[in-house]
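Understanding the architecture of this molecule
Read off the chains here:
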Amino acid sequence: MTGYTMLRNGGAGNGGQTCMLRWSNRIRLTWLSFTLFVILVFFPLIAHYYLTTLDEADEAGKRIFGPRVGNELCEVKHVLDLCRIRESVSEELLQLEAKRQELNSEIAKLNLKIEACKKSIENAKQDLLQLKNVISQTEHSYKELMAQNQPKLSLPIRLLPEKDDAGLPPPKATRGCRLHNCFDYSRCPLTSGFPVYVYDSDQFVFGSYLDPLVKQAFQATARANVYVTENADIACLYVILVGEMQEPVVLRPAELEKQLHSLPHWRTDGHNHVIINLSRKSDTQNLLYNVSTGRAMVAQSTFYAVQYRPGFDLVVSPLVHAMSEPNFMEIPPQVPVKRKYLFTFQGEKIESLRSSLQEARSFEEEMEGDPPADYDDRIIATLKAVQDSKLDQVLVEFTCKNQPKRSLPTEWALCGEREDRLELLKLSTFALIITPGDPRLVISSGCATRLFEALEVGAVPVVLGEQVQLPYQDMLQWNEAALVVPKPRVTEVHFLLRSLSDSDLLAMRRQGRFLWETYFSTADSIFNTVLAMIRTRIQIPAAPIREEAAAEIPHRSGKAAGTDPNMADNGDLDLGPVETEPPYASPRYLRNFTLTVTDFYRSWNSAPGPFHLFPHTPFDPVLPSEAKFLGSGTGFRPIGGGAGGSGKEFQAALGGNVPREQFTVVMLTYEREEVLMNSLERLNGLPYLNKVVVVWNSPKLPSEDLLWPDIGVPIMVVRTEKNSLNNRFLPWNEIETEAILSIDDDAHLRHDEIMFGFRVWREARDRIVGFPGRYHAWDIPHQSWLYNSNYSCELSMVLTGAAFFHKYYAYLYSYVMPQAIRDMVDEYINCEDIAMNFLVSHITRKPPIKVTSRWTFRCPGCPQALSHDDSHFHERHKCINFFVKVYGYMPLLYTQFRVDSVLFKTRLPHDKTKCFKFI
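Residues numbered from 1 in each chain as written. Predicted model: local features only at pLDDT ≥ 70, side-chain atom pairs only at ≥ 80, totals over all residues. Heavy atoms only, no water.

**Describing the overall build of the protein chain**
How we decide: A run of H or I in DSSP becomes a helix once it reaches four residues, and a run of E becomes a strand once it reaches two; helices and strands are each numbered from the N terminus. Burial classification: accessible surface area is computed with a 1.4 Å probe over protein chains only, and a residue below 20% of its type maximum counts as buried, one above 50% as exposed, and the rest as partly exposed. Contact definition: two residues touch when any of their heavy atoms are within 4.5 Å. Note that accessible areas follow from Shrake-Rupley with a 1.4 Å probe, and for residues the cover is restricted to the protein chains shown.
Looking only at helices and strands, one finds 24 helices and 28 strands in the protein chain. Looking at the protein chain as a whole, 48% of its 919 residues qualify as buried. The contacts in the protein chain between residues at least 6 apart in sequence include a share of 80% that link residues at least 24 apart. Of the roughly 47000 Å² of accessible surface on the protein chain, a fraction of 56% belongs to carbon and sulfur atoms.

Written as structure tokens, this is what we have:
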């Protein structure tokens, strides 16, 4: 314990010994370090010196590291062998590299061949699929043909009547004439084409007495009529004009009867003849009263009950506009609905019923039964009471301020001049028409004139007297345009007129305007209506409407059309098989005989322009009532319960209710050859394209060295008579499909967009379906309409620079639409697309349909078109306001409805799932 303590504390006894140990350790470390240094420094130097001087000795035996003398030759030979081996190996490597490159080249070629084979296999598969589709379509068409009860109809062979007349058994009484006993159907076969022979009135004595304006107007419209023939031997109908006569010439009934019976084709009783007496004035005499007309039909504006044969004779409207078209600028608009006066009436009754019956003894002797009660006094008292009550502003005058017009007994005479009467009717919501006091006077020229003037200016006619025979009453549904009230209900007329809603009133006014324009307004409309009524009665279909003969411009084709990557980039969307069969035209004349019977009243009383008045179109127009839509209501149901309803078939086949259909592209162009060629190339490979009709609107022909692209379908270049934008909508005979895609030469549309638009149009065939949307707006400060092309969620027009429409509308645009609108288009070289939208909306009362969300479709880099002119929009403002005046109202309708692709792009298993759509 003591020792440990001393060592710990460093005691004095052991201090010397510890220091000696430390000093000896330091000496040893120093010596060891020096020794290592000497060894590390001097030993390498000595070794280096020894090695460098050892081989310098003269004795060969002292060489330790040099080669021995006996092996020197072997060592050189070994190096040379190695060099040769290296050279040989290098050559072999070069050869192997060349072979490797050659093999790589062959592998690349084989890969290209493999890719080509793969493409060939894919093309072969596609061709096989197309062939299967064609075979399937052919089998389906064959089954349809075998299942039909009758074959498809084409334009029938015309059968004409024989020259010799077989004759008819005479009826018991002339007043009992009806079609079945007074008309010879054998002269009018169904396929005869309804030939009409018009006598030249100047060849007869009474022709010199005719009113020159009436005669001239009648002759002009007869020359232009499609049914008129100069061969009287084959005629179905014979027409003779006998009035109106000039004043003061009065032709005695006996003389007129003698001249009628001496007509070359009268054949003893005048069957299949129509005697027309047109009245230009309200006081036209009843020339054919007391004249024996035999079995001939009579068409005039004044009839007595003993003279009129229902279902045989025709009540026609007066010929007010003899040689002039109506001035649409003077016709008031149809809105506002309510006008200054609720109703108006001006007239004067010169003779009472009793005095007229006493003076007209010859007329009284032929009447049967007692004279009816005279309600005129009650009517006068009631209408004056309404006027005095001040409940509504009305105007009734029963005495004329000036000398009244001449009139028949018991008839209310017209007051004032026509211009004064029209000014009052423009302020009238309703126009009262009081029929003659004697109901045995079926209709008079005065009543017909009042009806004509009321319809012309938009005053809804209110006819007091249900016994009256209105013009064309057995064909037209007058209850849609006029109110016919029995005279005993005169006390309830005021209540009845006030109870009509604005929508009903506007609908009646619009229908009245349609009837006036179609059947009353001009000599053409009156003559066409007379022939159409007779033809409809005997159930002969209308003649095919005249198509525009296309004057083709010869051109060279053969340039291989490329594929625009922007146009062909449809993603993974399957547009459907490209038709490998020849272009398929839409079927024609499938309903040319049944249409006359099945659509009797609808065709005469609905716009779009009566099918029976105007010539029949080759394509049966599919209107809203005929369209095969999926239905209405709520809930959902599968689209197509059988083949074609699943996802794959929906996008790969056309589908729909008309599974087999194509469309025609109509492209208007003017001296932009490069732009046109690019647009045509973009149509290469477009499915369901029948042909392309290029309307060459320039007087300068295309360049002779211009090579047109080959796009797989015919390209027809049509030459026009003049530079007119109306040429876009001419019904060219080269258009063989119902569907028309009107497209500008600078429009830039992808194939999937075109196909989607075509599918949508097939579900709404009565609408314009297209891409660029526009709308109209009301300019409050200037009280006028404006055209607007700004982006909007609401639209009322789809421009026809990229739109589908039915060919039927091309007929209506070119032949039925008022000529004033086409003249406006030619004047401004603008607005043809607006005019087409007005026409279709006026006919269908539906807005167009816009597809996709794109707003503009101009190709980038194309030269500027007419729409870039500063005056373009200003002219379109004027066009809209002018069109509104012509139609009498704004027919365009707003819509926020837009169709985008949903089911078209849906990917569904074709063997498991069906597509459903809410409807």
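**Points about empty space enclosed by the protein**
For clarity, the threshold we go by: Cavities and pockets were defined on a 1 Å grid built from protein atoms only: a cavity is a group of points that admits a 1.4 Å probe but offers it no way out, a pocket is an open group of points flanked by protein on both sides within 12 Å along at least five of seven lines, and a lining residue is one with an atom within 4 Å of any such point. Grid points are joined across faces, edges and corners, and a volume is the space filled by probe spheres set on the points. Residues are grouped as follows: Ala, Val, Leu, Ile, Met, Phe, Trp, Tyr, Cys and Pro are nonpolar; Asp, Glu, Lys and Arg are charged; every other residue, Gly included, is polar.
Applying the stated criterion across every chain yields a total of 10 cavities of 30 Å³ or more. What the largest cavity holds in volume is close to 160 Å³. Considering the residues around the largest cavity, the lining is formed by 14 residues, among which Phe-345, Gln-346, Leu-425, Leu-432 and Arg-450 are closest to the centre. Of all the secondary structure elements, the ones that give two or more residues to the lining of the largest cavity are β7 (341-346), α10 (418-425), β9 (428-434) and α11 (445-457). For the lining of the largest cavity, the per-class residue count stands at nine nonpolar, two polar and three charged.

**Let's talk about the sheet that holds strand β13 (residues 551-552)**
Counted only if it meets this: Two strands form a pair only when DSSP identifies at least two bridges running between them.
Pairing within the open sheet is mixed, and its nine strands lie in the order β13-β19-β17-β16-β20-β25-β21-β26-β27. Each having just a single partner strand, β13 and β27 (898-899) make up the two edges of the open sheet. As paired elements, strand β21 (residues 769-770) and strand β25 (residues 802-806) share two bridges and run antiparallel to each other. Each residue of the ladder has a partner; that of Val-769, found in β25, is Phe-804.

**With respect to helix α23 (residues 832-844)**
Owing to its 3.6 residues per turn, the α-helix aligns residues three or four sequence positions apart on the same side. Put simply, the rule reads: The length a helix should cover is 1.5 Å for every residue beyond the first.
Its 13 residues place the ends of α23 18 Å apart at the C-alpha level, agreeing with the 18 Å of an ideal helix rising 1.5 Å per residue. Within α23, 13 of the 13 residues are buried, leaving the element largely enclosed by the surrounding structure. Backbone geometry just downstream of α23 places Arg-845 in the positive-phi region, at approximately 55°.

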